[in-house]
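Structure at a glance
As a plain string of letters, each chain reads:
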Amino acid sequence: MSTTALGGDRPRPTIVLVGHGMVGQRFLEALAERGLTATHRVVVLCEEPRPAYDRVQITSYFSGRTADELSLTDMEFIEGHGIELRTGDPAETVDREARTVTARSGLIVGYDVLVLATGSYPFVPPVPNKDAEGCFVYRTIEDLLAIEEYAKSRATTGAVVGGGLLGLEAAGALKGLGLRTHIVEFAPRLMPVQVDEGGGAALLRTIEEMGLAVHTGTGTQEIVTDASGAVTGMKLSDGSELATDMVVFSAGVRPRDQLARAAGLAVGERGGIAVDAQCRTVTDPDVFAIGECAQAVDGRVYGLVAPGYEQAETAAAAIAADETGHMTFTGADLSTKLKLLGVDVASFGDAHGTAEGCLDVVYSDSRAGLYKKLVIGRDGTLLGGILVGDAEAYGTLRALTGSVPPVAPESLVLPAGAGAATQLGPSALPDEAVICSCHNVTKGTIRGAVTEHSCTTVPEVKKCTKAGTGCGSCVKVLTQLVGDELEASGVEVDKGLCGCFGQTREELYEIVLALRITSYQDLLDRYGRKEARGGDGCETCKPAVASIVASLAPAIGADGYVLDGEQAALQDTNDHFLANLQKNGSYSVVPRIPGGEIAPEKLIVIGEIARDFGLYTKITGGQRIDMFGARVEQLPLIWARLVDAGFESGHAYGKSLRTVKSCVGRTWCRYGVQDSVRMAIDLELRYRGLRSPHKLKSAVSGCARECAEARSKDFGVIATANGWNLYVGGNGGATPRHADLLAQDLSDAELVRLIDRFLMFYIRTADRLERTSVWLERIPGGLDHVRDVVVHDSLGICDELESLMASHVSHYRDEWAETVDDPEKLARFVSFVNAPDTPDPVVGFVPERDQMKPDLPLLSIGMRPAETLEGSAQR
Amino acid sequence: MTLAPETTDLKVRLRLRDGWFTVCDLSALLPGRGVAALLPDGRQVAVFRDRSGRLYAIDNRDPFTGAAVLSRGLTGTHRDRPFVASPLLKQRFDLETGRCLDDGSVRVAAYEVQAQAL
Ligand code: SRM
Ligand SMILES: Cc1cc2nc3c(=O)[nH]c(=O)nc-3n(C[C@H](O)[C@H](O)[C@H](O)COP(=O)(O)OP(=O)(O)OC[C@H]3O[C@@H](n4cnc5c(N)ncnc54)[C@H](O)[C@@H]3O)c2cc1C
Ligand code: SF4
Ligand code: FES
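Residues numbered from 1 in each chain as written. Chains lettered and ligands numbered in written order. Predicted model: local features only at pLDDT ≥ 70, side-chain atom pairs only at ≥ 80, totals over all residues. Heavy atoms only, no water.

Bringing the sheet that holds strand β36 (residues 740–746) of chain A into the picture now. All names here are of chain A. An order of β32-β33-β34-β35-β36 is seen for the 5 strands of this open sheet, with the pairing classed as mixed. Of all the strands in the sheet, the pair left with one neighbour each is β32 (657–662) and β36. Direction aside, neighbouring strands of the sheet carry axes that sit 15° apart on average. Where strand β34 (residues 715–720) and strand β35 (residues 723–728) come together, 6 bridges link them in antiparallel fashion. When the sheet's bridge partners are listed, Thr 720 is paired in β35 with Gly 723. Its contacts with the sheet place helix α26 (residues 782–790) against β35 and β36, and it is angled at close to 35° to β36. (Pairing = 2+ DSSP bridges. Helix = DSSP H or I, 4+ residues; strand = E, 2+ residues; numbered from the N terminus. Axes fitted to C-alpha atoms, helices over the stretch in contact; angles between N-to-C directions. Contact = heavy atoms within 4.5 Å.)

Moving on, we come to the site of ligand 1. All names here are of chain A. Taken together, 20 residues are adjacent to ligand 1, and Gln 582, Gly 621, Arg 624, Lys 695 and Gly 732 come closest. Asn 731 has a polar side-chain atom sitting 2.8 Å from an oxygen atom of ligand 1. A distance of 3.3 Å separates an oxygen atom of ligand 1 from a polar backbone atom of Ala 734. (Near = heavy atom within 4 Å. Polar contact = N/O pair within 3.5 Å; in protein donor to acceptor, adjacent residues only side chain to side chain.)

A separate point is the interface of chain B and chain A. Facing 43 residues of chain B, the contacting portion of chain A comprises 49 residues. Between chain B and chain A, roughly 3600 Å² of surface is buried when both sides are summed, and carbon and sulfur atoms account for 56% of that area. It is Leu 38, Arg 51 and Arg 72 of chain B that lose the most area in chain B upon contact with chain A, and together they represent 23% of the buried surface on that side. Our count for the chain B to chain A interface comes out at 2 salt bridges. We note a salt bridge from Arg 99 of chain B to Glu 76 of chain A, for which the minimum N-O separation is 4.0 Å. Remark: the boundary between chain B and chain A carries 15 residue pairs in polar contact (both at pLDDT 80 or more). Elements that contribute at least two residues to the side of chain B that touches chain A include exactly β2 (19–25), β3 (34–38), β6 (74–78) and β7 (81–85) of chain B. The residue makeup of the side of chain B that touches chain A, split by class, is 21 nonpolar, 11 polar and 11 charged. (Buried area = accessible area lost by both parts, 1.4 Å probe. Salt bridge = Lys/Arg side-chain N within 4 Å of Asp/Glu carboxyl O. Nonpolar A, V, L, I, M, F, W, Y, C, P; charged D, E, K, R; others polar.)

Moving on, we come to the sheet that holds strand β30 (residues 616–619) of chain A. All names here are of chain A. Strand order in the open sheet formed by 4 strands is β28-β29-β31-β30, with antiparallel pairing between adjacent strands. Looking at which strands have only one partner, the edges of the open sheet turn out to be β28 (580–581) and β30. In the sheet, β30 pairs with strand β31 (residues 625–630) via 4 bridges, with the strands oriented antiparallel. In the sheet register, Thr 617 faces β31, and the bridge partner there is Met 627. The strands that helix α21 (residues 600–613) touches are β30 and β31; relative to β31, the one it contacts most, it runs at about 15°. Against the sheet, helix α22 (residues 635–644) makes contact with β29 (587–589) and β31, and its axis sits at roughly 5° relative to β29, the strand it touches most.

Bringing the nonpolar core into the picture now. Residues and elements named next belong to chain A. Formed by 67 residues in total, the largest nonpolar core has its most connected members in Phe 501, Leu 726, Ile 755, Leu 759 and Trp 775. Counting residues per element, this core draws most heavily on helix α24 (residues 748–765), at 9 residues. Residue contacts for Leu 726: discarding those within four places in its chain leaves Phe 715, Gly 716, Val 717, Asp 740, Leu 741, Leu 742, Ala 743, Leu 746, Leu 751, Leu 754 and Ile 755. In terms of nonpolar packing, the next biggest core, distinct from the first, is built from 40 residues, Met 22, Leu 374, Ala 433 and Leu 481 among them. (Core = buried A, V, L, I, M, F, W, Y, C linked by side-chain atoms within 4.5 Å. Buried < 20%, exposed > 50% of the residue type's maximum accessible area, 1.4 Å probe, protein only.)

It is worth spelling out the environment of Ala 159 of chain A at this point. Residues and elements named next belong to chain A. Mapped onto the elements of the fold, Ala 159 is located in strand β10 (residues 157–161). The exposure class of Ala 159 is buried, given its relative accessible area of 0%. Residues Ala 159 and Val 184 lie 25 residues apart in sequence; the distance between their C-alpha atoms is 7.2 Å. Once residues lying within four places of it in the same chain are set aside, the contact partners of Ala 159 are Leu 174, His 182, Met 234, Leu 242, Thr 244, Met 246, Val 247 and Val 248.

Bringing the packing of aromatic side chains into the picture now. All names here are of chain A. Within this structure, the stated rule accounts for 14 aromatic pairs over all chains. A centroid spacing of 5.7 Å and a plane angle of 65° characterise the contact between Tyr 61 and Phe 62, whose relative ring orientation is edge-to-face. Exposure remark for Tyr 61: the relative accessible area of 19% places this residue in the buried category. For the pair Tyr 687 and Phe 715, a centre-to-centre distance of 5.8 Å together with 85° between the ring planes defines the contact as edge-to-face. Of this pair, Tyr 687 sits in helix α23 (residues 676–687) while Phe 715 sits in strand β34, and the two are 28 residues apart along the sequence. An aromatic cluster is built from Phe 577, Tyr 587, Trp 639, Trp 816 and Phe 829, whose rings are joined through pairwise contacts. Lying across the ring of Tyr 309, Arg 26 places its NZ or CZ 4.8 Å from the centre. (Phe/Tyr/Trp six-rings, centres within 6.5 Å; stacked < 30°, edge-to-face > 60°. Lys NZ or Arg CZ within 6 Å of the ring centre and 35° of its normal.)

Turning next to the packing of helix α1 (residues 22–33) of chain A against helix α9 (residues 305–320) of chain A. All names here are of chain A. Relative to each other, α1 and α9 sit at 35°, their axes nearing to 8 Å. By crossing handedness, the relation of α1 to α9 is classed as right-handed. Of the residues in α9, those touching α1 at Met 22, Val 23, Arg 26, Phe 27, Ala 30, Leu 31 and Glu 33 are Val 305, Gly 308, Tyr 309, Ala 312, Glu 313, Ala 315, Ala 316 and Ile 319. Here the residues of the contact of α1 with α9 are counted per class, giving 11 nonpolar, 1 polar and 3 charged. (Left-handed = near helix turned anticlockwise from the far one by under 90°.)

Take a look at the structure:
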């Protein structure tokens, strides 16, 4: 290990930052804004293996956000400002006499200014076996990775110690990982810091309804382990024992002030590096402390990001000693809003009503899990409040805190529709109202971003003002404000599809249909934005235009085959390979099984194909069978076998009709009143291959018991004694929506005619990637309008809609069969253009249960010299 | 000799450390789509042709997932830079420099590529 003291002759003064967390990163930005990165050398010692990321949103890792997406660090920023960022290299000692910091790597850096931003560590109560296998804390991405792995491989039950903000977030995450989840809280209620007794009761109800078990008023006495030392349960202070496979401690945080203590810097009684109003340590004027490791001048240690950001600005201003140098940090607001999915909890300002002579306004409906309290000062000033169950008004109320609201306080907490309820929008707020408390951005600043800095979109305003880029709880109000402001200033909002087209998808549809344009390049060069003409388009508009052309193919004289000519270049990879891309570069194959009905012979064929090609098989949620793990070059061989046996493409890849699920219906079921299987098959065969703005799903149930779940579909059909009811706009997925009844007691022919019209009207007017559920909510007039158009023909377009559908139906061809028959297209189905017989060496599999799964370690190697390479690569 | 040889006579060639490496016929490249090729050392390269006939070549491996799939992404132009969007998680890569347009800290190798009559 080399020990080097860095520094040249007459070096620039050096700022050393210890800790690259949220506040550390903000501090670097504040330095850059003040020009200090140009005049100073800046060295950052970062303990974690990755640069700063968004700890506040860390739980979203479990809902699919990647570590990269959570990153707060733009490497261009770091490099551009010449910042020396050393990840995985924590500071170990500070020598204040020599003014140096020694890092774990042995590096010694001299400093002129030292800034400590070391954050906190999770507090783990000193109970026996607290370090047993299966015990975790919840703070870093690495913690989450470890929790995820343990939960998936070794646990079915989990317990969280601590029922505060973070504890509930951790519990939500465990639940999301599929564990039976317990919360153990020492205080008599959940979130004791933020909510009062009434709020705690409403919160408890909601959390229990989500299926979490809550144990309040009891502490953790001991972690129980098995012979191998792994967690099996915990003993509680009320004498009971709780069986659990893992424990996550979330019992508060403590400032990481050890480095400072060892360097002789004063710390507070309960920890935290003591600083003054400028965030300088009280002991040493050349050392600053900011963020969760610091004890502010008001004697408090703030565990939220907004005060930390303010401290970062304050310290940078003090170092710059310019006109911004008079900033001080003397305390902050502790407003919080819980981001846990499904529970709305917010508290802001003086939530517990500690001010003298203040009054409470309370609305509570414990059956609905609602509790809202406002704290009002003697003079009518809004001082704070608590919202449980419905935190809609949080953004507005928080911003109003400290002023006298323009309407009676009761009307702010009563539910909408209950008598005097007033919908107080952000337009009622004064310009000084703080909209984003994470970044301390006022309404005036946001308006200025639109009026003076000509921002025209919410992302632009976010970038310009930083509002909405912290906890995200203000984004709703922000969006409303930006919309209002744009409208007021008469700015035309760009509704264009993407950077290439200024038109909406609906407008492009009309252009393509009216002018019979079959070529994307033609459309781009004639109707694209000026700067995009002649270019190569982008990944947004290419598939969108391809889909429009495919939906209208027979009507505009295009070839409906998606791999034909220029169309091939526009398709998303799934459409281009007529199969679904998997994480390791292999594909899945889903043959159509209309209505979910399949004869034994065909089942056998699928089994044989899967066996012969070594594919993993799974019954899908759409009543059919998916075969995974096919390499590109195997796809045509698999299709050939399937086509031979009478199968065709199930379009699992396209934005097109997926499945029409069925229940067994009248034929077998004692309750059935219509033949739901036959109707499902008829509908699936009628609409198969229809390209649409998003995927389309359907189902047919044989009676009102609804075993096919038709009301969760884009168009669902439920049998009645007199025929069929048609429901539209249903959705499962992330934002479920029950379908609305469009028409009742239809005959077979009436049903089909209405669906024809409905689908074609949707295809014509929806945005790209807009499911029918979202479309129905968005279009002016909603369901009533759609009913007017497709049932009562109010626009006089039903004939056209029907004939468009008729030509789709009569021109349908199976894409797999067509591809298998076309040698030129088949040439594309190889892993390597120069070695057609060589399989992609990164695609490998390992056994799992009785089948196989992708070999992920192979991916991290990335590439391996292929054994078969010699000779096969032509030179 | 004509100065405009038939495209079928043109070969797509990559510059590797030890000289030019022939990948395929130019006609195998569909404008706006890519193909993957295997290099002698086992590395994979994604080769693209845009609508005006320009050629690009970058590493085929998607650094975000490890899968060798960049050749299967959709291409386009963003602020006059040609790019391909990974078909897996959609990050875009500059076809000339290999730089990821959505994450400044990531880049993949870019190769010099030419169509030459052999
Ligand atoms: C295979 C399957 C899961 C399974 O093993 O059962 C599946 C797998 C995928 N689903 Fe699904 N979904 C499957 C049934 C469902 C269902 C259930 C159903 O259809 O009854 C739903 C909820 C119903 C709904 O769509 O409203 C469903 C809601 C989604 C969503 C969320 C849609 C939404 O509007 O919120 C997505 C994401 C999207 O489309 O944007 C999605 C996307 C996907 C994708 C395509 C993700 C992707 O891009 O790679 C998955 C790839 C399939 C593949 O590689 O073969 N999948 N997916 C099911 C295939 C059914 C079939 O036979 O075609
Ligand atoms: C799950 C979760 C949810 C949260 N939700 C919210 C919320 O909704 N709203 C809110 O306001 N706040 C929330 N917080 C709190 C918020 O994340 C913190 O207030 C914020 O991260 C504090 O920033 P910081 O830079 O002071 O500390 P940190 O972000 O913890 O950064 C400190 C960094 O310093 C490093 N470090 C420590 N010692 C050394 C050393 N010797 N050398 C080098 N590096 C060192 C650490 O490894 C760490 O990377 C949440 C926190 C968690 C864990
Ligand atoms: S929906 Fe009705 S007919 Fe169909 S299976 Fe269920 S009970 Fe039987
Ligand atoms: S209040 Fe947290 S991002 Fe605006």
